[in-house]
Amino acid sequence: MTTTDLEAAAASTVEEACLACGKLDELMGGLAGCFARVEPRREARKYITGLVSDLPRKNCWTLAEHAGDHTPDKMQRLLERAAWDAFAAMRAVREFAVAGLGDRAGAVLVIDESGQEKAGEHTAGVKRQYLGCAGRVANGINVVYASYAAPAGHAVIAARLYLPADWAEDPKRRRAAGVPDDLEFKTKPQLAIEMAGEILAEGACPPWVTGDEVYGRDAKLRVFLEARSIGYVLGVPCSFRVTLTAGQKIRADHAARLVPALAWQTASAGQGSKGERDYEWAWLATASPRRHLLIRRSLKDPGDLAFFYCYVPAGRACSFTTLIRTAGRRWPIEEDFEFGKSHFGLADSQVRHYTPICRHLALAMAALAVCAVTAALARPRTSTLARPPASPDDLPPQDPGLIALTVAEIKRVFNLITRAWQSIRHYLRWSWWRRRHQARARWFHQRARLRRRAADP
């Protein structure tokens, strides 16, 4: 790389970092109305900036030290006691993300849940349950999310903490965890309906919705979407029953055996990190002209099948390719979970009460949205990829070019110009504060131990 190339790269990096700062300013302007006072709004900006930082752990202690605060009190107050509405903040993030990512006609609303492992039994909604992040039953909480996936990029635009039935039916436990009195038990698909209803009411819902089997097998969610002329391509289990055109009711996996060999078509579910994600696909009609069964088959393992139940609203033109592309747009929410947790502290909060959890989610969504929108705007001018190979024997180009700036790279360049270098006095103050706090905790722990011993017969 020549000196000129380095200078051009540096100039481009500074430009994109400044764009990210401008987008943060824009988002904070949209969030202003969510706060009753200017002080928590300023603290929220510092919290979001800290979430975008390179801190390995993102909780009130680390974020406050990064922000230059003397103690974590202000950050803790922001999450626990300050007057602001987390769900109003999510609406502001949603408006910002949808406007920045654009192309609502080509976008898809993706619904899925993700878990956070938690110790103990006092965090709102915690219990032993299946957690996708762990791939097993573990102690933790689950949150249902909705992501807006447009061709230019994607971001989380809604979230709801899942409150299990045993929590909802335990008044004492609810009060201890700060669960609102009017919050009723809702299944994960019901939470998806609640979020989709809000997004629809705001005019921000794309024409298609996708999700996995948890949501595809729920009839109430499907009816809700159909009644509002929202198309869907929802995953369903192999045991899901469909009625074919001849009137035969059959399981999805049995229906797959009826597909003629020539009916399978190889098509891409969309671009992945290493190129096109190719599968074999088949499309079966059902007794309803608006509903279809879409079947996906692995190219490497023909026995590896996935099933999707599809609905096409009346009057909407739809092709086989449209359904395939919609099914393939479920992967962005997995990337949102990965980026949100590894880069933006989505699962890092050390809070137990319902309101602080929701507030942390809203601020983490804001941090992700700033970088996602910036990356989407920067993509056309930061991608210089060489022409892809046309045959297996092609020689690699001398210069492969550059991929577009990713969300992770936008985060890094943002930190280059926003990192606040604190004085040695600031770091020493925090060292003193941590040691004093830990000494106080140790003293109370020792006293509690003495009291337990004294109480023993």
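Above this note sits the structure.
Small disclaimer: the values here were computed from a predicted structure and weren't measured.

### Topic: empty space enclosed by the protein
One pass over the structure, following the stated rule, counts one cavity of 30 Å³ or more. What the largest cavity holds in volume is close to 30 Å³. Around the largest cavity sit Q116, K118, I141, L346, S349, I357, H360 and L361, which together line it. Among the elements that make up the lining of the largest cavity, the one with the highest residue count is helix α14 (residues 354-382) (three residues). Taken together, the residues of the lining of the largest cavity sort by class into four nonpolar, three polar and one charged.

### Looking at the nonpolar core
One recurring pattern in soluble globular proteins: nonpolar side chains tend to sit buried together. In this structure, L31, Y145, L294 and L363 are the most contacted members of the largest nonpolar core, which totals 134 residues. Residue contributions to this core peak at 18 residues, all from α14. Residue contacts for L31: discarding those within four places in its chain leaves I48, A89 and A92.

### Examining the packing of helix α4 (residues 73-80) against α14
In the contact formed by α4 and α14, the axes pass within 7 Å of each other and the chain directions differ by 105 degrees. For the element pair α4 / α14, the angle class is roughly perpendicular. Touching R77, L78, L79 and E80 of α4 are T355, P356, R359, H360 and L363, all from α14.

Quick notes on the rules
- Here the residue index of a chain counts from 1 through its sequence in written order.
- In keeping with the model being predicted, local features are shown solely for residues with a pLDDT of at least 70 and side-chain atom pairs are shown and tallied solely at 80 or more, while totals for entire chains, interfaces and linings include all residues.
- Computation of side-chain values covers all heavy atoms of the structure but excludes hydrogens and water.
- A cavity, in this analysis, means grid points on a 1 Å lattice covering only the protein atoms where a 1.4 Å probe fits yet has no way out; a pocket is instead an open set bounded by protein on both sides within 12 Å along at least five of seven lines, and a residue lines either one if it has an atom within 4 Å of a point.
- Grid points are joined across faces, edges and corners, and a volume is the space filled by probe spheres set on the points.
- Helix and strand definitions follow DSSP, with helices as H or I runs of at least four residues and strands as E runs of at least two, each counted in order from the N terminus.
- Here the term charged refers only to Asp, Glu, Lys and Arg, the term nonpolar to Ala, Val, Leu, Ile, Met, Phe, Trp, Tyr, Cys and Pro, and the term polar to all other amino acids, Gly among them.
- Side-chain atoms within 4.5 Å link the members of a nonpolar core, which is a set of buried Ala, Val, Leu, Ile, Met, Phe, Trp, Tyr and Cys residues.
- Burial classes: relative accessible area under 20% of the type maximum marks a residue as buried, over 50% as exposed, and values in between as partly exposed (1.4 Å probe, protein chains only).
- Contact criterion: two residues are considered in contact whenever any of their non-hydrogen atoms come within 4.5 Å of each other.
- Axis definition: a line fitted to C-alpha atoms, limited for helices to the stretch in contact. Angles are taken between N-to-C directions and run from 0 to 180 degrees.
- Each angle receives one of four descriptions, namely roughly parallel if under 35 degrees, roughly antiparallel if over 145, roughly perpendicular if within 65 to 115, and oblique otherwise.

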